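Results of the structural survey
Given next are the chains, with one letter for each unit.
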Amino acid sequence: MNLLELSRKRCSIRSYQTREIEEEKLNYILETARLAQSAVNYQPWYFLVIKEEANREKVIECYPRTWMKPTPLYIVVCGDHNQSWKRAGDGKDHLDIDAGIVTEHICLAAAELDLGCCCVCNFNKELFCERFNLPEHIEPIAIIPIAYPTDPELFTTTPKKRKPMEELVIRETF
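Read on for a plain summary of the structure. (Residues numbered from 1 in each chain as written. Predicted model: local features only at pLDDT ≥ 70, side-chain atom pairs only at ≥ 80, totals over all residues. Heavy atoms only, no water.)

Those residues of helix α3 (residues 53-62) that sit buried are R56, V59, I60 and C62. When α3 is viewed along its axis, its buried side chains cluster within an angular range of 160 degrees and face the same direction. Along its buried surface, α3 packs onto β1 (45-50), β2 (73-80), α5 (125-131) and β4 (138-147). (Buried < 20%, exposed > 50% of the residue type's maximum accessible area, 1.4 Å probe, protein only. Helix = DSSP H or I, 4+ residues; strand = E, 2+ residues; numbered from the N terminus. Arc of directions from axis to C-beta. Contact = heavy atoms within 4.5 Å.)

What follows is the structure, given as structure tokens:
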């Protein structure tokens, strides 16, 4: 499958089996994330892997949605503000950009392995930091539930609403 086909396949899936994810698949996903690009190659991220029931319950406390409960695995992308690159001219912190890139690597790798996932950013950050003892300079960016979808057809039946190309591409100048 090429990148365009994989990009068309990847979608946000919110209906999961409780079946455990094989360690080889988890390692493959983490390796694709490790290889992601980042500003000045600083790699200002950590991947918090959550599989134990007690810790999965803590995640649900921070984002109480029933569709998340059966998930056997969460990868939480955390960014380190002490390691991220800041642009000299205006101090722009590229942590969010780097975290977005690595998050997409995780989501594409999961889709390639026929695993469903969803990038969750609307969670209680303060509660998450407290429950998982994150240091002050570490920010949880995205919770990614990863599981086998209840129906493998969800990859093809989930609507993919996208703007048409002519609304997005501007050539040379605004």
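That covers the picture; the talk isn't over yet.
Below, the discussion takes up helix α2 (residues 23-34). Here α2 contains 12 residues, and its C-alpha end-to-end distance of 16 Å stays within 8% of the 16 Å for a straight helix at 1.5 Å per residue. Turning to α2, its buried residues number three or more, namely L26, I29, T32 and A33. Down the axis of α2, the buried side of the element spans an arc of 125 degrees, and every buried residue falls inside it. Where α2 is buried, its residues meet β1, β2, α4 (95-112) and β4. (Expected span 1.5 Å × (residues − 1).)

Okay, the pattern of salt bridges next. Under the criterion given, the structure shown has 9 salt bridges. Of the charged contacts in the structure, one is a salt bridge between E23 and K51, with a shortest N-O distance of 3.0 Å. You can see E23 sitting in helix α2 and its partner K51 sitting in the loop between β1 and α3, a full 28 residues away along the chain. By relative accessible area, E23 is classed as partly exposed at 40%. Relative accessible area serves as the criterion here: at 30%, K51 is assigned to the partly exposed category. The partner of R131 in a salt bridge is E130, and the shortest N-O contact between them spans 2.8 Å. (Salt bridge = Lys/Arg side-chain N within 4 Å of Asp/Glu carboxyl O.)

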